[in-house]
Amino acid sequence: MFVSFFPNPKPFFLSALAWTAFAIALWYGGAAGAGAWIGLPPALGDAPPIIGPSVFVSAPFLWFYLYYAVMAGLFCGFWTVTTRHPWALWSTFGTALIIFITYFQVQVSVAINNWYGPFYDLVQAALSKSRPVELSEFYGETFAFTFIAMVGVLVYVVTRFFVQHYIFRWRTAMNDYYMSFWPKLRHVEGASQRVQEDTMRFSTQMETLGVSLIDSAMTLIAFLPVLMRLSGPVSELPIVGAIPAPLVTAAILWAAFGTTFLALVGVKLPGLEFRNQRVEAAYRKELVYGEDDAGRAQPRTVTELFAHVRKNYFRLYFHYLYFNVARMSYVQIDNIFPYLILAPTIVAGKITLGPMQQILSAFEQVRASFQYLVNSWPQIIELLSIHKRLRGFEAMIHGGALPTQDLEAPEAEVDASGARV
């Protein structure tokens, strides 16, 4: 799954983590201000944020772009040159580009959050008539948002186009790798499905979950300082009272509760998804044989095979029933959670509409990042079931022991005469 696309995966990913830690330490250790040497100084600590799309071409941003390009280029170039892996360009430089674009999308969210403050204060001033507000001033703020949003739209479209090609390259790499061992693999249950379908689903889910994880990490890096800065008027929380960093603490504890709660509730789902793939494969396999052999896919055989498909689906539906009750209950409470946290501050009138919207937006970003597992749980379940199926291929290729699930006799398998195998 990884050897086919990434050069020497275990050392590659370990070195990627080490190099990332080094690059971050170097940045905060002084490299962030080194841009001043070439006319790209950092932003002053007390300087107000730049509102509008011009922030993306400001000196601090341009210096970070250059710094990232150099650090990523050194790392990716080393692995590309030293390993000579056929997919090294896509797996190294392609991954680095996806990480950078994800960072840029997070910065678009930060720019929009910075826009909330002056815009909603302008709305409050107009509604309360605390000061004169010209129509041109209002339109100017809306145009600023439009320009930021258009940058986000452009980046999103380009990202999706590139990622689609990235996914298909990963699928191609897995397809070529597995087909080179086809004589060993052709006897594995559902072999054709694992090569044709599971490789695509695996690469898609890995990309989706990987980008989401990177996005969550970068969102935390970008928005935690914002949330800390905006927490000034919020001195206490309901029930618990005054605590240090109340908004950040509340976001962490609430997300940790949701993640643990849903992980426990949904613990059986990956295994059920895997068994579902097996009974579907057995049913599909018999139908395919029946296309060329009149003795196959007889009514008794098909009826029994489909009965097992039905049984497994109904079992899956039952377990998803209580899981969805738990998940959607948490999601609905999550919608009003920030308002509950801010209730004492709002009632006391300690903040205006603009800062309140900024807090809500930043709190949502931080909370959503900590809730990565909560939001991604259905995709994680599917990925785990696909991974279990592809591990059967890995075992056959390397002569290892088959996974436990592949050693179990699938309850759906019957022979051509209708007798259970």
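Residues numbered from 1 in each chain as written. Predicted model: local features only at pLDDT ≥ 70, side-chain atom pairs only at ≥ 80, totals over all residues. Heavy atoms only, no water.

1. Focus on the overall build of the protein
1) Next: For the protein, the helix and strand inventory stands at 12 helices and zero strands.
2) Next: Its helices and strands taken in sequence order, the protein reads α-α-α-α-α-α-α-α-α-α-α-α from the N to the C terminus.
3) Next: For the protein, buried positions account for 44% of its 421 residues.
4) Next: For the protein, the share of sequence-separated contacts (at least 6 apart) that also reach a separation of at least 24 residues comes to 79%.
5) Next: With an accessible surface of roughly 21,800 Å², the protein has 68% of that area assigned to carbon and sulfur atoms. (Helix = DSSP H or I, 4+ residues; strand = E, 2+ residues; numbered from the N terminus. Buried < 20%, exposed > 50% of the residue type's maximum accessible area, 1.4 Å probe, protein only. Contact = heavy atoms within 4.5 Å. Areas by Shrake-Rupley, 256 points an atom, 1.4 Å probe, with all protein chains shown as cover.)

2. Considerations on the packing of aromatic side chains
1) Next: Under the defined criterion, the tally for this structure stands at 44 aromatic pairs.
2) Next: Seen from their ring centres, tryptophan 63 and tyrosine 67 are 6.5 Å apart, and the 50° between their planes marks the pair as tilted. Highlighted residues: tryptophan 63 and tyrosine 67, both in helix H2 (residues 59–83), separated by four residues, approximately one helical turn.
3) Next: A relative accessible area of 12% means that tryptophan 63 is categorised as buried.
4) Next: Under the relative-accessibility criterion, tyrosine 67 is labelled buried at 10%. (Phe/Tyr/Trp six-rings, centres within 6.5 Å; stacked < 30°, edge-to-face > 60°.)

3. Here we look at the packing of helix H7 (residues 246–265) against helix H9 (residues 299–347)
1) Next: Where H7 meets H9, the closest approach of the two axes is 10 Å, and the angle between their N-to-C directions is 175°. By the criterion of interaxial angle, the relationship of H7 to H9 is roughly antiparallel. When H7 is examined against H9, the residues Leu247, Ala250, Trp254, Ala255, Phe257, Gly258, Phe261, Leu262 and Val265 are found in contact with a partner set consisting of Tyr322, Phe323, Ala326, Arg327, Tyr330, Ile333, Asp334, Phe337, Ile341 and Leu342.
2) Next: Grouping the constituent residues of the contact of H7 with H9 by class yields 16 nonpolar, one polar and two charged. (Axes fitted to C-alpha atoms, helices over the stretch in contact; angles between N-to-C directions. Parallel < 35°, antiparallel > 145°, perpendicular 65-115°, else oblique. Nonpolar A, V, L, I, M, F, W, Y, C, P; charged D, E, K, R; others polar.)

4. What about the UniProt feature "transmembrane region" (unreviewed entry) in the protein?
1) Next: As recorded in UniProt, the feature "transmembrane region" (unreviewed entry) lies at residues 61–80, 87–106, 143–163, 209–227 and 247–267.
2) Next: Summarising residues 87–106: 95% helix, 0% strand, and an end-to-end C-alpha distance of 28 Å.
3) Next: For residues 247–267, helix accounts for 90% and strand for 0%, while the C-alpha atoms at its two ends are 30 Å apart. (UniProt positions renumbered as here; feature names shortened; annotations may be inferred.)

5. Observations concerning H9
1) Next: Between its first and last C-alpha, H9 extends 69 Å over 49 residues, near the 72 Å set by a 1.5 Å rise per residue.
2) Next: Of all the bends in H9, the greatest reaches close to 45° and is centred on isoleucine 341; the proline proline 344 follows between one and four positions later.
3) Next: In the stretch just after H9, glycine 349 is the one whose phi turns positive, near 70°. (Expected span 1.5 Å × (residues − 1). Bend = angle between axes of the 7 residues up to and from the residue.)

6. Focus: unusual backbone geometry
1) Next: Even without being a glycine, asparagine 8 presents a positive backbone phi close to 45°.
2) Next: The topology assignment puts asparagine 8 in the segment before helix H1 (9–28).
3) Next: Given the relative accessible area of 48%, asparagine 8 is considered partly exposed.

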